[in-house]
Amino acid sequence: SYDENVLKSSKRKTIEHDKQIEKIRKFENLGVKVVTMYIIGMVGDTKKTVNQTINYAKKINSYLSQFSIFTPYPGTPLFMDYKNIINTNKFENFNQYNLVFEHPNLNNYIARKLMDKAYNNLYLRLNWIVKFIIFKFKWKKKFWYVVIKVLLEDIYTMNLKKNLLYINFHQISK
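Overview of the structure. Here the structure is a predicted model, which is why all the values come from computation and not from measurement. (Residues numbered from 1 in each chain as written. Predicted model: local features only at pLDDT ≥ 70, side-chain atom pairs only at ≥ 80, totals over all residues. Heavy atoms only, no water.)

1. Here we look at the overall build of the protein chain
Broken down by element type, the protein chain carries six helices and two strands. Ordered by position in the sequence, the α and β elements of the protein chain form the string α-α-β-α-β-α-α-α. Long-range contacts, defined as pairs at least 24 residues apart, comprise 69% of the intrachain contacts of the protein chain with a sequence gap of at least 6. Total accessible area computed for the protein chain in this model is approximately 12300 Å², and 61% of it derives from carbon and sulfur atoms. (Helix = DSSP H or I, 4+ residues; strand = E, 2+ residues; numbered from the N terminus. Contact = heavy atoms within 4.5 Å. Areas by Shrake-Rupley, 256 points an atom, 1.4 Å probe, with all protein chains shown as cover.)

2. As for the nonpolar core
Counting 29 residues, the largest nonpolar core has Y38, I40, I60, F67, I86, L99 and F101 as the members making the most contacts within it. Counting only elements with at least two residues in this core, the list comes to α2 (17–29), β1 (35–40), α3 (47–60), β2 (64–69), α4 (77–82) and α5 (108–123). Looking at which element gives the most residues to this core, the answer is α5, with six residues. (Core = buried A, V, L, I, M, F, W, Y, C linked by side-chain atoms within 4.5 Å. Buried < 20%, exposed > 50% of the residue type's maximum accessible area, 1.4 Å probe, protein only.)

3. Brief notes about a nonpolar patch on the surface
A cluster of nonpolar residues, L126, I129, V130, I133 and I134, forms a patch on the protein surface that exposes about 450 Å² of accessible area. Topologically, V130 is positioned in helix α6 (residues 126–173). (Patch = residues over 30% accessible without salt bridge, like charges linked within 9 Å, V, L, I, M, F, W, Y side chains within 5 Å. Salt bridge = Lys/Arg side-chain N within 4 Å of Asp/Glu carboxyl O.)

4. Examining the environment of K58
Secondary-structure assignment places K58 in helix α3. Sequence-wise, K58 and N121 are 63 residues apart; in three dimensions their C-alpha atoms are separated by 7.7 Å. With residues up to four places along the chain from it excluded, the contact list for K58 reads N121, L122 and R125.

5. Digging into the pairing of β2
Each regular strand shows side chains that alternate between the opposite faces of the sheet. Pairing analysis gives six bridges linking β1 to β2, with the strands arranged parallel. Following the sheet pairing, I39 is matched in β2 by S68. Between β1 and its parallel partner β2, the chain crosses via α3, and the hand of that crossover is right-handed. (Pairing = 2+ DSSP bridges. Right-handed = clockwise from strand over helix to strand, strands pointing away.)

By themselves, these figures tell us nothing about what the structure is for.
Okay, structure coming up:
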């Protein structure tokens, strides 16, 4: 979540947003494809805080982003904290796509709509599409550079072996 209060109520620690962006930019400048993950529906989340998180994800504009709905999985200590407000007994619903507890501000329908909005708002922007293509191009450029280098090394090695065989053959035949 982008919201500090939501993070605190969920006992999540993080670094300041500006420092996060600064570190992400440094990694990207080194050619690292940064993948970010965002959780929707933590206790304290509202439509407003989720929209702030979506806007923050757009600002970061990472190579890939994943949005999931907060899910306290059965058998975990977190599940025990939520066991009195879990609203399903079907294990298949514990999948990060369903809100499986009685949330004070959201319901499953709203959480899913906010997750859809997050993906649409992030990936259907020209800014992200251009960045994705640039990263793909850089990868391809590096990929072809490596392929060509390996092929040239192989050709050089084969020519060297061919020349050595030629030398050895002529030395034997003399």
